[in-house]
There are 2 protein chains.
Amino acid sequence: MKLTTKGRYAVTAMLDLSLHYGEGPITLADIAQRQGISLSYLEQLFSRLRKKSLVASVRGPGGGYSLGRDADEIYVGEVISAVDENIDTTRCNGAYNCHNNERCLTHELWSDLSSQIYNYLNKISLQDLMDRKTVREVAARQDHSNQEEVSGLEVTLADEPSDLAGA
Amino acid sequence: MKLTTKGRYAVTAMLDLSLHYGEGPITLADIAQRQGISLSYLEQLFSRLRKKSLVASVRGPGGGYSLGRDADEIYVGEVISAVDENIDTTRCNGAYNCHNNERCLTHELWSDLSSQIYNYLNKISLQDLMDRKTVREVAARQDHSNQEEVSGLEVTLADEPSDLAGA
DNA sequence: TACATTCCCAAGCAAAATAGTCAAGATTTC
DNA sequence: GAAATCTTGACTATTTTGCTTGGGAATGTA
C-alpha cells in the first residue's frame, strides 16, 4: 500500500464528483477549480480511474465525467489503487525471494499491513464520506466561493502570505 | 503516515537486532550483511533510532547496538515514526487551510486513516514479530547462510535472471 | 461544414524524496 | 597507538511526484 498525495487528489476529485452528481456530467475544469488541482494532472488521474470503470466520460460540449457506479458502491481503497499503480511494497512486491532467494524477515508483516489498510479503506464508500458533516460544510463553502471565482477570470496568486499565522 | 522501504528497512533491522539479543552488542556490519542493507544507510537509520532511544549503542571494538527496551515494549509504529520523519500527509499536514484557506475536502479522511494505521502498527511489538513462525524460520536460515557467506568475500550479482518465470 | 468544447494521450521536466556513497571524526578496547 | 566500532555530515544517483505542453479525437451547436 502506498499513501501519497496522488491518491488523496484522486479521492478528493471523486468526492467532488459525487457531491455534484445529478447535475449531469462534470467537467474536469470545474473540479480543478473547486479543488485547486491542476487540470492536466486531473486528466492523468481520471484516465486511470476510467480504465478501472470508476468514472464514465462523455465527450464534446456539455460533456464531462460522472461516477461509474453509485457513490455507495465506490470505495476509497479502489480509488487509491487505481491511481497508485504499485499498491504493493516497492522492493519485494509479491516476490518470495526478496533477499538471498528467501523471504525477507518482515515480508509477512508488510503484506499483513497492506491488506489491513486496504480493508479499512475498502469499507469507506464515497457515500460515507459525503455523509460526514464536515465534508458537507466544506462542499457548501466551495460551491459558494466557486461562483465568485467564476466571475473574475483568474485569481492572482503571486506571493500569497501563507505563513502569516506562523512565527 | 508514510509507508516506504525506509521504514521497512528500519523494522527489519530492529527485528534482526531483537533476534540476536542476548549475544551482546550487534554491529551494524552484521545486520547489513544478514539483511542485505547498505551499511551506511543503516547508520543513518540507527542514528534516528538512537535519538528516539529505540536502540542503545556501545562504541569501540566489541561494541555495537542493542535494543533500547525489551522487545515486547518496542512497537513497529514507533520504529517507522522514528525514521520516517513526516508521519503526516505531505500537503495539508495538520494545517487547516489546505486549499482556499479552508480544510480540503478529504482532510478529515486522511487524518482518520493515519491514526488508524498508526494504531494498528503500535499494537505489534518486535516480540510479536519474533513469535511468528515464519520469522523464526527465515531467521534460522539467515544465520546459517551467513556463516557460509562470511568465507566467500562477495557474491557476484552481475545479471541475475530475475524474470525467467515471467513471459 | 465550421467550430468550440470537452475528453484523451504521450512526452517531457523541475522539484522533492528515496536510497545509497564517501569521507572524516569520536570512543573505546586491546 | 592501532583497530574496531559508532557518529556525523555532505554529497550523489535514481525514482517519484506534480505539473506543463502540445497535440489529438469525439461531439454538440450554429
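Up top you'll find the structure we're talking about.
As the structure is a prediction and not an experimental result, all values here were calculated from the model. (Residues numbered from 1 in each chain as written. Chains lettered and ligands numbered in written order. Predicted model: local features only at pLDDT ≥ 70, side-chain atom pairs only at ≥ 80, totals over all residues. Heavy atoms only, no water.)

Enquirer: Help me out: how do you make sense of a negative patch on the surface in this one?
Expert: A cluster of like negative charges, contributed by Asp70, Asp72, Glu73, Asp128 and Asp131 of chain A, occupies part of the molecular surface. Here aspartate 72 of chain A lies in the loop between strand E2 (64-67) and helix H4 (76-83). (Patch = residues over 30% accessible without salt bridge, like charges linked within 9 Å, V, L, I, M, F, W, Y side chains within 5 Å. Areas by Shrake-Rupley, 256 points an atom, 1.4 Å probe, with all protein chains shown as cover. Salt bridge = Lys/Arg side-chain N within 4 Å of Asp/Glu carboxyl O. Lys, Arg positive; Asp, Glu negative; His and termini not counted. Charge placed at Lys NZ, Arg CZ, Asp CG, Glu CD. Helix = DSSP H or I, 4+ residues; strand = E, 2+ residues; numbered from the N terminus.)

Enquirer: What is the right way to look at the packing of helix H1 (residues 5-19) of chain B against helix H2 (residues 28-35) of chain B in this model?
Expert: Describing two packed helices takes the angle between their axes plus the distance from one axis to the other. Residue and element names in this part refer to chain B. Direction vectors running N to C along H1 and H2 enclose 115°, while the axes themselves pass 10 Å from each other. Put simply, H1 runs roughly perpendicular to H2. Classified by chirality, the crossing of H2 by H1 is right-handed. Of the residues in H2, those touching H1 at Thr12, Ala13, Asp16 and Leu17 are Ile31, Arg34 and Gln35. (Axes fitted to C-alpha atoms, helices over the stretch in contact; angles between N-to-C directions. Parallel < 35°, antiparallel > 145°, perpendicular 65-115°, else oblique. Left-handed = near helix turned anticlockwise from the far one by under 90°. Contact = heavy atoms within 4.5 Å.)

Enquirer: Sorry, what's going on with the protein's contact with DNA strand D here?
Expert: Neighbouring residues of DNA strand D: 28 residues in total, closest Thr5, Ser40 and Arg59 of chain A together with Ser57 and Tyr65 of chain B. Protein-proximal atoms of DNA strand D, defined as those within 4 Å of the protein, fall in sugar or phosphate at a share of 69%. Serine 38 of chain A has a polar side-chain atom sitting 3.3 Å from a phosphate oxygen of DNA strand D. Taking glutamate 43 of chain B, its side chain carries an N or O atom lying 3.4 Å from a base oxygen of DNA strand D. Of all the elements in the fold, those that place two or more residues in the surface near DNA strand D are helix H1 (5-19) and helix H3 (39-51) of chain A together with helix H3 (39-51), strand E1 (55-58) and strand E2 (64-67) of chain B. Class assignment of the residues belonging to the surface near DNA strand D gives a composition of eight nonpolar, 13 polar and seven charged. (Near = heavy atom within 4 Å. Polar contact = N/O pair within 3.5 Å; in protein donor to acceptor, adjacent residues only side chain to side chain. Nonpolar A, V, L, I, M, F, W, Y, C, P; charged D, E, K, R; others polar.)

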